[in-house]
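Structural features, examined
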Number of protein chains: 2
Amino acid sequence: MHKELPADLRQAIAEVVTDRAHGASELARRALEIVGVAAREQPADDADALRDLLYRLANALTAAHPSMAPIYNLLACWREEVDQIEAEDLAALRTQSAQCAEHIAQASRRAVAVIAKRGAQLVRPGQTIITHSLSSTVVAILGELTDRQIKVIVTEARPRCEGYQLAKQLSAWAIPTTLITDAQMGFFIQAADVALVGADSLLPDGGVVNKAGTYLLALAAKAHDRPFYVCCESFKRRRAAMPPLELEAMDPTELGAPVYAHVIPKNIYFEVTPAQLVTDWINER
Amino acid sequence: MHKELPADLRQAIAEVVTDRAHGASELARRALEIVGVAAREQPADDADALRDLLYRLANALTAAHPSMAPIYNLLACWREEVDQIEAEDLAALRTQSAQCAEHIAQASRRAVAVIAKRGAQLVRPGQTIITHSLSSTVVAILGELTDRQIKVIVTEARPRCEGYQLAKQLSAWAIPTTLITDAQMGFFIQAADVALVGADSLLPDGGVVNKAGTYLLALAAKAHDRPFYVCCESFKRRRAAMPPLELEAMDPTELGAPVYAHVIPKNIYFEVTPAQLVTDWINER
């Protein structure tokens, strides 16, 4: 028998489920924040009742995006640490489990900062970078390169065109940017020195789960002998215990295509780019 | 000193220049039609004056799309045949040069019909075909396969999404069709048995000039060991005498992207897919 979570927590979980504006790492930190606030504020009769509530909350947040490794990993990490807290005292458990969530979120932010510095070292002044879709980790790297005369080639990333958001950020940094349709990646790889992408998650074998089109860019980079770097925090690696990878089909009406009787539009967001196409994986370790 | 062409011919040429709805072969046949009608109807004092007018018209039509091999080739073929006509008589020259244009246009239509039959033989009943963009030659092949339980995967082909038009035709034929974003080609190649594309033109070495994205599909087909067939009439092969290939940049506002100060949108329609990625070229010979 599952006890139902309080309405405010169910609401917070629902928002994580429907969030399409943020990447997996950001959603994982948001999940930790929800857990941290709940630890401090949710009514509970005693430490055991709070612990039970928080674990159920963490499970529900993990289930919100079963394929997102960062959510799974950061919450599993939190759970492991909270398991070690021996507090019988409600107030102590509140403080310690909340701090634990805050520390893990901080560590994940620090990981991005370390990757930003490392990734920036892969690009020489004056070089042109090609990327696909929008990755907050790639944005962090580009933010380290604003004074190095780089140029960036950005794809629109259909159907939601989150590449526009990246183009906007690069323009605000006054970085000369070329915006292309996804189909032009094979042509514009010739104009790039380096391909740089983020990842939704990494498979145990190093395969990269990322926005559809990443695989095509990797093939083009290989064909033109351009390095293809994947930038992603170590907690994006899928643990063996995770449910098997499922490439979610999203709402096909996002394509905005006309409706025909015998035509089924497909909107698979994520695909796997095999490890052998990756020049290197950049993480914080 | 160039004599200017009559206003009605200049108008007809202008329509060919701005036509974006038709492929190169269709425009080549339209050019022949314009030449044929001019041969029969344009005022001329004598055979020499008519011949001069028609050659100037043919040159102007060739220049309308300098990168389109079919226009260049079919008009060059017409010119070679008209050069042989010894008619001193205006009426005879009218008839013969018009018939010549009509025969060549007919032959090009027959070529498509032959390719349709040949291309259809490459697909076994029940197989799934993936294609990119819209090719009238590929449509002709698919039209031969309506009763063979095939399935088709169609890309939208940004920015103008001419893939929707293909999807509409396939739906009218009740062929089960999957419509995808261009970025999903790398994922959906696994669901296909055969990749089949048309060509704007062929390079002398067999390289394929076709809509941007064709190269990515060819790379994906190679990576997954799927045959990649290019269907195109022999008159699509670029002659050595043609002006060097120029990949035209089209209006970037077609992308519909927001405008940012440091962002330049690019809209390169055509790209070259190298010959070594092509399993076979299907022509009428």
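See the structure printed just above.
Our subject in this report is the structure included herewith.

What counts, and where the lines are drawn
- Residues numbered from 1 in each chain as written.
- Chains lettered and ligands numbered in written order.
- Predicted model: local features only at pLDDT ≥ 70, side-chain atom pairs only at ≥ 80, totals over all residues.
- Heavy atoms only, no water.
- Phe/Tyr/Trp six-rings, centres within 6.5 Å; stacked < 30°, edge-to-face > 60°.
- Buried < 20%, exposed > 50% of the residue type's maximum accessible area, 1.4 Å probe, protein only.
- Lys NZ or Arg CZ within 6 Å of the ring centre and 35° of its normal.
- 1 Å grid on protein atoms, 1.4 Å probe; cavity = no way out; pocket = protein on both sides within 12 Å on 5 of 7 lines; lining within 4 Å.
- Points joined across faces, edges and corners; volume = space filled by probe spheres on them.
- Nonpolar A, V, L, I, M, F, W, Y, C, P; charged D, E, K, R; others polar.
- Least-squares fit on C-alpha atoms with pLDDT ≥ 70 in both.
- Contact = heavy atoms within 4.5 Å.
- Pairing = 2+ DSSP bridges.
- Helix = DSSP H or I, 4+ residues; strand = E, 2+ residues; numbered from the N terminus.
- Axes fitted to C-alpha atoms, helices over the stretch in contact; angles between N-to-C directions.

1. Topic: the packing of aromatic side chains
A complete count under the given rule lists six aromatic pairs over all chains for this structure. Between tyrosine 269 of chain A and phenylalanine 270 of chain A the ring centres are 6.1 Å apart and the planes differ by 70°, which places this aromatic pair in the edge-to-face class. Per residue, the accessibility class of tyrosine 269 of chain A equals that of phenylalanine 270 of chain A, and both read buried. Ring plane angle 80° and centroid distance 5.3 Å describe the contact between phenylalanine 187 of chain B and phenylalanine 188 of chain B, whose orientation is recorded as edge-to-face. The partly exposed category is assigned to phenylalanine 187 of chain B, whose relative accessible area is 22%. Taking relative accessible area as the criterion, phenylalanine 188 of chain B reaches 8% and is therefore assigned buried. One Lys or Arg, arginine 79 of chain B, reaches over the ring of tyrosine 55 of chain B and ends 3.7 Å from the middle of that ring. In this structure, lysine 211 of chain B is placed above the aromatic ring of tyrosine 269 of chain B, and the distance from its NZ or CZ to the ring centre is 5.2 Å.

2. Section: empty space enclosed by the protein
Over the atoms, a rolling probe the size of a water molecule traces out where space has been left empty. All names here are of chain B. Taken as a whole, this structure holds one cavity of 30 Å³ or more when the rule is applied. The space that makes up the largest cavity amounts to roughly 40 Å³. If you trace the largest cavity, you find it lined by Ser67, Asp200, Val209, Leu245, Glu246, Leu247, Glu248 and Phe270. Here the residues of the lining of the largest cavity are counted per class, giving four nonpolar, one polar and three charged.

3. Observations concerning the relation of the copies chain B and chain A
Its rotation angle being 180°, the transformation that places chain B on chain A also includes 0.1 Å of axial translation and leaves an RMSD of 0.1 Å. Those values place the two copies in the arrangement expected of a two-fold rotation axis. Comparing contact sets, 100% of the residues at the interface of chain B also lie at the interface in chain A, consistent with an isologous, same-surface contact.

4. Description of the sheet that holds strand S7 (residues 228–231) of chain A
An order of S10(A)-S7(A)-S4(A)-S1(A)-S2(A)-S3(A)-S8(B) is seen for the seven strands of this open sheet, with the pairing classed as parallel. The sheet is open, and its two edges are formed by strand S10 (280–282) of chain A together with strand S8 (263–265) of chain B, each paired on a single side. For this sheet, the mean angle separating the axes of adjacent strands, direction not counted, is 25°. Relative to strand S4 (residues 194–197) of chain A, strand S1 (residues 128–131) of chain A is paired through two bridges, and the arrangement is parallel. Looking across to S4 of chain A, one finds that isoleucine 130 of chain A is bridged to alanine 195 of chain A. Sheet contacts for helix H6 (residues 136–143) of chain A: S1, strand S2 (151–155), S4 and S7 of chain A; angle to S4 of chain A, the most-contacted strand, approximately 130°. Its contacts with the sheet put helix H7 (residues 163–172) of chain A on S1, S2 and strand S3 (177–180) of chain A together with S8 of chain B, and the angle it makes with S2 of chain A is roughly 160°.

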